Amino acid sequence: SQTIHQWPATLVQPVGSPLSLECTVEGTSNPNLYWYRQAAGRGLQLLFYSVGIGQISSEVPQNLSASRPQDRQFILSSKKLLLSDSGFYLCAWSVIEAFFGQGTRLTVV
Amino acid sequence: AQSVSQHNHHVILSEAASLELGCNYSYGGTVNLFWYVQYPGQHLQLLLKYFSGDPLVKGIKGFEAEFIKSKFSFNLRKPSVQWSDTAEYFCAVKSNTGKLIFGQGTTLQVKP
């Protein structure tokens, strides 16, 4: 069966520090991969998605970037975090419907 | 551009009342449509999906949705809600490019 791993579950980082959130999928090949940010009352905001290795579509210009170095690995990064980057980040994979990771609560202090 | 709009942000119903949550999307091409539910403290869970065929799709827990292509709508319905249906509901649209976007969500509160 397919599983998705997203880590860490919580993260507290100082302003200006780098960020790396990782997501890996098991049990499927060539899935679509997604990074979302979820905020109360605003639903899930699509940040990046990828339909294949090295293919990244960016939806919202901001202080973040994404990479897909392997078929089932999706990384969300930042070189220098801002206070406004605080939030809840979700990774998802999809062949048909989407399945979600447990999420990462990021607090930038 | 692809977008999804959910009309109701917060809905309050009594048990046994009927539910209809609106969802409209904009996209000129072929789409796959989904409704997800998020119970308090839990992950997003798929309620139902539409790909092709019968525009009336049935999902888990007695939910159903109807795809009306001419109206770009995919409304969620349930004839009689229960207290346990209290949750946040998200409509989602996936285009043939693989892009999957969600509406802003509707919070449903069912009063016992």
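Everything discussed here concerns the structure shown above.
Cut-off values and rules
Residues numbered from 1 in each chain as written. Chains lettered and ligands numbered in written order. Predicted model: local features only at pLDDT ≥ 70, side-chain atom pairs only at ≥ 80, totals over all residues. Heavy atoms only, no water. Helix = DSSP H or I, 4+ residues; strand = E, 2+ residues; numbered from the N terminus. Rg over C-alpha atoms; globule rule 2.2 N^0.38 Å. Buried < 20%, exposed > 50% of the residue type's maximum accessible area, 1.4 Å probe, protein only. Contact = heavy atoms within 4.5 Å. Buried area = accessible area lost by both parts, 1.4 Å probe. Salt bridge = Lys/Arg side-chain N within 4 Å of Asp/Glu carboxyl O. Polar contact = N/O pair within 3.5 Å; in protein donor to acceptor, adjacent residues only side chain to side chain. Nonpolar A, V, L, I, M, F, W, Y, C, P; charged D, E, K, R; others polar. Phe/Tyr/Trp six-rings, centres within 6.5 Å; stacked < 30°, edge-to-face > 60°. Pairing = 2+ DSSP bridges. Axes fitted to C-alpha atoms, helices over the stretch in contact; angles between N-to-C directions.

Enquirer: Where do I start with the overall build of chain B in this structure?
Expert: Assigned secondary structure in chain B consists of zero helices and twelve strands. Beginning at the N terminus, the succession of helices and strands in chain B can be written as β-β-β-β-β-β-β-β-β-β-β-β. The C-alpha atoms of chain B give 13 Å as radius of gyration, which agrees with the globular expectation for 112 residues (13 Å, within 12%). For chain B, the residues scored as buried account for 49% of the 112 residues in total.

Enquirer: Would you take a moment to explain the interface of chain B and chain A for this structure?
Expert: When the parts of a complex come together, some accessible area is lost, and that lost area is often taken as the interface size. Each partner contributes residues to the interface: chain B has 18 residues there, and chain A has 21 residues. Interface area for chain B against chain A, summed over the two sides, is near 1500 Å², with a carbon-plus-sulfur share of 55%. Joining chain B to chain A, the criterion identifies two salt bridges. Lys49(B) is the salt-bridge partner of Glu97(A), the closest N and O atoms lying 3.0 Å from each other. If you look at where chain B meets chain A, you find ten residue pairs in polar contact (both at pLDDT 80 or more). At the level of elements, strand E5 (31-38), strand E6 (44-50), strand E10 (87-95) and strand E11 (100-102) of chain B are the ones that each hand at least two residues to the side of chain B that touches chain A. For the side of chain B that touches chain A, the class distribution of residues is nine nonpolar, six polar and three charged.

Enquirer: Help me understand the packing of aromatic side chains, please; the structure alone is not making it clear to me.
Expert: Here a ring pair, both rings aromatic, is described through the centre-centre distance and the interplanar angle of the planes. Taken as a whole, this structure holds 15 aromatic pairs over all chains when the rule is applied. Note on Tyr25(B) and Phe72(B): the rings are 5.5 Å apart at their centroids and 70 degrees apart in plane angle, and the pair reads as edge-to-face. Taken together, the positions of Tyr25(B) in strand E4 (residues 23-26) and Phe72(B) in the loop between strand E8 (64-68) and strand E9 (73-78) put the pair 47 residues apart, joining distant regions of the chain. Tyr25(B) gets classed as buried once you look at its relative accessible area, which sits at 7%. By relative accessible area, which is 37% here, Phe72(B) ends up partly exposed. Following the ring pairs from residue to residue traces out a cluster consisting of Tyr34(A), Tyr36(A), Tyr49(A), Phe100(A), Phe34(B), Tyr36(B), Phe51(B) and Phe102(B).

Enquirer: It is not clear to me how the sheet that holds strand E8 (residues 73-78) of chain A should be interpreted in this structure. Could you clarify?
Expert: Paired through backbone hydrogen bonds, the strands of a sheet run either parallel or antiparallel to each other. Residue and element names in this part refer to chain A. Read from one edge to the other, the open sheet built from four strands follows the order E1-E3-E8-E7, with strand pairing classed as antiparallel. In this open sheet, the two edge strands, each paired with only one partner strand, are strand E1 (3-7) and strand E7 (65-70). Direction aside, the axes of adjacent strands within the sheet are offset by 20 degrees on average. Bridge count for E7 against E8 is four bridges, and the pairing is antiparallel.

In short, shape yes, function no, at least from these values alone.
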